[in-house]
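Notes for the structure review
So you can see what is in the structure, the chains are spelled out below.
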Amino acid sequence: MSAKLEKFSQDLTTAFGDRIGQPVIAVGEITIEVPASGYLDVVRQLRDDPAFSFEQLIDLSGIDYSTFAGWAGGRFAAVCHLTSIKYNRRLRVRVFAEDPDFPVLDSVVEIWNSANWYEREAFDLFGIHFAGHPDLRRILTDYGFIGHPFRKDFPVSGYVEMRYDADLHRVVYQPVTIEPREVTPRVVREETYGQGDGKVGGRG
């Protein structure tokens, strides 16, 4: 284990105490878990405290743990990846929504502007709502789309499909018409293949 990471882990524990979970060191990075109620206070301190100076949020993603093997915790979480240019180090912050049926977390857009589209993406794909977001709307799916594609309970083929109707002169939605099928690889070879005549495929 890196001495620098160990020191950084101890600094986090000293500064935040029981406001964060025990820092976890893995694959050369530290991950801390923060309760939803203290999320904004912790990340704001991570940015403003000169001892940490995490000036940049480089990524924020949603996660659905509903079918994660051996998992007994919450279902929906947001994970922030922070970078400190001053100290040349990174930190991963994970926060779970308290209600799995209607997951809500505070928005960090006012702390890092770069979170704007990332939070919209997590909302669109996972259905995680971010309280205080200035413009929380879909960013990847169609305007009339119902549901959230990355939830584990969402069918791979979707519920509806879109097509242009030449008679109505407009785009219409209809139930998915793709019938489930099993794709089995099939190898097609000529009958004389591999019979040792020295000619490809047995042809002259």
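In short, a report on the structure. Every value quoted in this text rests on a predicted model; they were computed, and no experiment measured them.

Before going further, it helps to spend a moment on the overall build of the protein chain. Along the protein chain, the regular secondary structure elements total three helices and nine strands. Across the protein chain, helices and strands are ordered from the amino to the carboxyl terminus as α-β-β-α-β-β-β-β-α-β-β-β. Residues classed as buried in the protein chain amount to 33% of the 204 residues present. Within the protein chain, contacts between residues separated by at least 24 positions form 48% of all contacts whose residues are at least 6 apart in sequence.

Following the criterion strictly, the structure yields eight salt bridges and no others. In this structure, the salt-bridge partner of K7 is D11, at a minimum N-O distance of 3.0 Å. Remark: D11 and K7 occur in helix 1 (residues 3–16); sequence separation between them is four residues, near one turn of the helix. On the basis of relative accessibility, which here comes to 46%, the residue K7 falls in the partly exposed class. The exposure class assigned to D11 is partly exposed, which follows from its relative accessible area of 27%. Taking the shortest distance from any N to any O, the salt bridge between R75 and D64 comes out at 2.9 Å. Here D64 lies in strand 3 (residues 56–64) and R75 lies in the loop between strand 3 and strand 4 (76–84), a separation of 11 residues in the sequence.

Conventions used here
- Residues numbered from 1 in each chain as written.
- Predicted model: local features only at pLDDT ≥ 70, side-chain atom pairs only at ≥ 80, totals over all residues.
- Heavy atoms only, no water.
- Helix = DSSP H or I, 4+ residues; strand = E, 2+ residues; numbered from the N terminus.
- Buried < 20%, exposed > 50% of the residue type's maximum accessible area, 1.4 Å probe, protein only.
- Contact = heavy atoms within 4.5 Å.
- Salt bridge = Lys/Arg side-chain N within 4 Å of Asp/Glu carboxyl O.

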